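In case you want the letters, here they are:
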Protein chains: 2
Amino acid sequence: MINIAIIGFGVVGSATYDVTIQNAELIKERIGDSVKVKKIVDVRDFDNHPAPELLTKNFDDVMNDPTISIVVESIGGLRPSYEFTKKALMGGKSVVTSNKELVATHGVELTEIAKQNKVSYLFEASVGGGIPIIRPLKQCLAANEFNEIFGILNGTTNYILTQMREEGRPFAEVLKDAQQKGYAELNPSADIDGYDTCRKICILSWVAFGKGVDAEKIDRKGISEITAKDIEKAKAAGCVIKLIGRAKLIDGEVYCTVAPEAIPLDDPLAIVDNVYNAIVVRGNFVSDVMFYGQGAGGRATASAVMSDVIEIARTIVASRT
Amino acid sequence: MINIAIIGFGVVGSATYDVTIQNAELIKERIGDSVKVKKIVDVRDFDNHPAPELLTKNFDDVMNDPTISIVVESIGGLRPSYEFTKKALMGGKSVVTSNKELVATHGVELTEIAKQNKVSYLFEASVGGGIPIIRPLKQCLAANEFNEIFGILNGTTNYILTQMREEGRPFAEVLKDAQQKGYAELNPSADIDGYDTCRKICILSWVAFGKGVDAEKIDRKGISEITAKDIEKAKAAGCVIKLIGRAKLIDGEVYCTVAPEAIPLDDPLAIVDNVYNAIVVRGNFVSDVMFYGQGAGGRATASAVMSDVIEIARTIVASRT
């Protein structure tokens with residue numbers, strides 16, 4: 001039995017719990033042992049919690065349980081996730097996260113702490129939701145020198161741009177609509193001003209080029225100034241407008257940008273609409289490969305979280321023999 | 001030092017040699033040790049071989065060298081690759097292959113032999129050229145129950161269908177042109193009659209559903225009867241015609257088909273043109289994810305071959321400590 005704890009029982013945390021229950025049998029078969037959620041940490045009260053007996057408000061309950069070997073951090077933001085992650089790693093527990101802000105800000109340091117404590121800090125879910133991208137960069141494409149990595153990394157802005165194009169409606173109106181549908185936050189700045197894309201391109205750049213970039217120093221432009229006229233103009237030129245995050249290696253230096261770009265209709269990125277994401281990796285042997293799928297949402301993100309849990313669980317099982 | 005041997009120095013074998021030379025430094029950095037090609041086996045004579053001192057016509061030279069731990073099999077076909085692979089695995093050497101025919105026919109048995117001998121038999125390059133797909137199924141998406149896997153798995157037929165559509169030319173004429181350009185074989189049956197796609201869908205079905213399927217029993221239809229009129233008709237209906245390989249799980253049984261299908265223009269597969277491939281995986285949590293890239297060609301395939309070599313090399317390095 002591999003015991004895990006989930007800290008933060010929001011959209012991603014609850015979907016991660018669901019996948020451990022719903023796919024329990026096949027996960028057991030694929031790992032060679034079962035994975036069980038032993039504790040769920042959240043400061044909130046829940047009316048209809050699926051497993052109230054696992055709930056605690058105190059993170060120390062996880063730290064004091066030596067049978068828990070993996071912690072899923074799905075709190076989001078920097079506090080208290082940074083502190084909890086550090087504590088878990090230093091206490092010999094591996095940590096899996098979907099928290100792009102934390103990885104973009106402290107990923108290098110937390111990975112180092114994990115290494116020193118002979119555990120893992122994995123973050124497949126921090127970029128592109130359910131789309132495999134971190135592990136492909138580290139493994140499947142590891143024979144390549146990477147030249148460039150770019151893509152549509154934010155579902156909210158892509159949804160807004162798609163609706164503006166398809167329905168000819170202005171930005172403010174579509175944003176309001178997206179907020180009502182739950183696709184955009186009430187304070188939409190992190191998405192529409194490109195901060196979220198900056199964090200993701202910063203994580204990708206670190207994994208692909210081995211160089212940490214400060215997300216706040218990235219040359220950034222959001223989509224709030226895009227007008228219906230811009231979109232018409234792009235259309236007339238055989239293009240669609242997409243918010244693109246881009247990291248490029250030039251003479252050994254990494255250059256990152258986040259900005260709306262006109263993408264020609266015959267470019268595979270042009271077909272990526274609504275809340276979908278896609279990431280293109282350019283390697284010196286593989287040329288261009290693209291990874292496409294749902295870039296957000298509880299279930300898709302839980303798929304990525306759980307793939308990291310499975311990787312660590314397999315290592316634990318292998319180390320027993 | 002991790003020593004490898006390459007058997008079969010054709011398009012894939014020579015590109016694999018190239019990647020070990022050209023990306024030697026970064027591969028060393030990523031593994032923690034260097035990878036060196038110690039022997040190259042081929043029965044042919046070469047006028048301008050890049051490393052004549054490594055050449056041998058005798059596979060036993062590889063078997064008799066205990067310092068070689070990984071064999072790259074890029075001979076293709078069933079003979080003598082089956083025999084050589086078996087010999088290598090039983091002799092305690094891991095084998096990496098791009099040989100879809102061998103994997104589709106004897107993959108289950110060879111994987112079992114590898115397991116018994118505590119080595120690996122890896123075949124990322126056997127489907128989709130450089131596109132990561134085997135490892136994502138085994139790892140990145142391992143938390144999912146797979147419902148269906150389908151895609152454009154053959155570059156030659158996709159090139160022919162794209163040219164027919166774009167230039168309005170008939171099948172026979174485009175095929176001839178593709179043969180002259182080297183995109184189609186002189187005997188094009190394996191591609192245009194769908195046999196190649198059958199082998200690939202059979203490998204994907206085995207990896208995703210854990211069930212071996214006999215490639216020869218798959219319901220198969222090629223593209224040789226597609227007319228310019230069919231393509232016009234599809235266009236009028238807002239579709240493009242693509243040769244699709246498909247494996248589906250229905251009530252615990254796997255159903256595989258290979259046939260031309262009309263794909264709506266807003267489907268991401270519709271944009272996959274010319275020699276590009278794309279594979280869609282449908283999981284119960286991740287929903288649809290698509291992997292897109294060059295499905296063939298020496299350098300892209302060598303990227304996948306080398307990713308398997310790197311995985312095994314990392315295990316060897318880790319086992320030393």
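Predicted, not measured: the structure shown is a model, and the values here were computed from it.

Cut-offs applied
Residues numbered from 1 in each chain as written. Chains lettered and ligands numbered in written order. Predicted model: local features only at pLDDT ≥ 70, side-chain atom pairs only at ≥ 80, totals over all residues. Heavy atoms only, no water. Helix = DSSP H or I, 4+ residues; strand = E, 2+ residues; numbered from the N terminus. Rg over C-alpha atoms; globule rule 2.2 N^0.38 Å. Buried < 20%, exposed > 50% of the residue type's maximum accessible area, 1.4 Å probe, protein only. Areas by Shrake-Rupley, 256 points an atom, 1.4 Å probe, with all protein chains shown as cover. Least-squares fit on C-alpha atoms with pLDDT ≥ 70 in both. Contact = heavy atoms within 4.5 Å. Core = buried A, V, L, I, M, F, W, Y, C linked by side-chain atoms within 4.5 Å. 1 Å grid on protein atoms, 1.4 Å probe; cavity = no way out; pocket = protein on both sides within 12 Å on 5 of 7 lines; lining within 4 Å. Points joined across faces, edges and corners; volume = space filled by probe spheres on them. Nonpolar A, V, L, I, M, F, W, Y, C, P; charged D, E, K, R; others polar. Pairing = 2+ DSSP bridges. Axes fitted to C-alpha atoms, helices over the stretch in contact; angles between N-to-C directions. Polar contact = N/O pair within 3.5 Å; in protein donor to acceptor, adjacent residues only side chain to side chain. Salt bridge = Lys/Arg side-chain N within 4 Å of Asp/Glu carboxyl O. Parallel < 35°, antiparallel > 145°, perpendicular 65-115°, else oblique. Left-handed = near helix turned anticlockwise from the far one by under 90°.

Time to look at the overall build of chain A. Within chain A, the regular secondary structure consists of 12 helices and 12 strands. For 321 residues, the compact-globule estimate of 2.2 N^0.38 gives 20 Å, and chain A sits close to it at 20 Å. Taking the principal axes of its C-alpha atoms as reference, chain A extends roughly 60 × 50 × 35 Å. Sorting the 321 residues of chain A into buried and exposed places 57% on the buried side. Surface accessibility of chain A: about 13,300 Å² in total, with carbon and sulfur atoms responsible for 49%.

Our focus in this paragraph is the relation of the copies chain A and chain B. When chain A is fitted to chain B, the residual RMSD is 0.0 Å, and the transformation amounts to a turn of 180° plus an axial shift of 0.0 Å. Here the two chains are linked by the operation of a two-fold rotation axis. When C-alpha positions in chain A are compared against the rotation axis, the closest is assigned to A:Phe291, at 2.5 Å. Residue by residue, 100% of the interface of chain A is reproduced at the interface of chain B, so both copies engage with the same surface.

Another aspect to go through is the nonpolar core. Among the nonpolar cores identified, the biggest contains 137 residues, and A:Ile160, A:Leu204, B:Ile160 and B:Leu204 are the most heavily contacted of them. Here A:Ile160 is in contact with A:Phe171, A:Val174, A:Leu175, A:Ala178, A:Ile192 and A:Ile223, once residues within four sequence places are set aside.

Time to look at the layout of surface pockets. Residues and elements named next belong to chain B. In this structure, the second largest pocket spans a volume of roughly 1,300 Å³. Lining the second largest pocket are 48 residues, with Val 11, Val 12, Lys 100, Glu 185 and Ala 296 sitting closest to its centre. Of all elements in the fold, only helix H1 (11–22), helix H5 (100–116), helix H7 (155–167), helix H9 (189–192), helix H10 (195–209) and helix H12 (298–320) reach the threshold of two or more residues within the lining of the second largest pocket. Of the residues assigned to the lining of the second largest pocket, the class counts are 17 nonpolar, 21 polar and 10 charged.

With that settled, the discussion passes to the sheet that holds strand E10 (residues 253–264) of chain B. In space, the 12 strands of this open sheet follow the order E8(A)-E10(A)-E9(A)-E7(A)-E11(A)-E12(A)-E12(B)-E11(B)-E7(B)-E9(B)-E10(B)-E8(B), with mixed pairing throughout. Lying at the two open borders of the sheet, with one neighbouring strand each, are strand E8 (219–220) of chain A together with strand E8 (219–220) of chain B. The pairing of strand E11 (residues 276–283) of chain A with strand E12 (residues 287–294) of chain A spans eight bridges and is antiparallel. Each residue of the ladder has a partner; that of A:Ala278, found in E12(A), is A:Tyr292. Here helix H10 (residues 195–209) of chain A sits on the sheet and contacts strand E7 (146–152), E8, strand E9 (239–250), strand E10 (253–264) and E11 of chain A; the angle it forms with E9(A), its principal contact strand, is near 35°.

Quick look at the side chain of A:Asp288 now. One can find A:Asp288 in strand E12. Within the structure, A:Asp288 has its side chain in polar contact with the side chain of A:Arg282 (distance 2.7 Å). Residues within four places of A:Asp288 in sequence aside, it is in contact with A:Val280, A:Val281, A:Arg282, B:Tyr276, B:Tyr292, B:Gly293 and B:Gln294.

This part is about the pattern of salt bridges. All names here are of chain A. Throughout the structure, instances matching the rule amount to 50 salt bridges over all chains. For Arg 165, the salt bridge identified is with Asp 273, shortest N-O distance 3.0 Å. Of this pair, Arg 165 sits in helix H7 (residues 155–167) while Asp 273 sits in the loop between E10 and E11, and the two are 108 residues apart along the sequence. By relative accessible area, Arg 165 is classed as buried at 17%. A salt bridge links Glu 261 to Arg 246, with the nearest nitrogen and oxygen atoms 2.7 Å apart. Here Arg 246 lies in strand E9 and Glu 261 lies in strand E10, a separation of 15 residues in the sequence. Residue classification places Arg 246 among the buried residues on the basis of a relative accessible area of 19%.

All names here are of chain A. Between helix H5 (residues 100–116) and H10, whose axes approach to 8 Å, the crossing angle comes to 25°. Considering their axes alone, H5 and H10 lie roughly parallel with respect to each other. Handedness of the crossing formed by H5 with H10: left-handed. On H10, the residues that touch Lys 100, Glu 101, Val 103, Ala 104, Gly 107, Val 108 and Thr 111 of H5 are Asp 196, Arg 199, Lys 200, Cys 202, Ile 203 and Trp 206. Residues that form the contact of H5 with H10 fall into these classes: six nonpolar, two polar and five charged.

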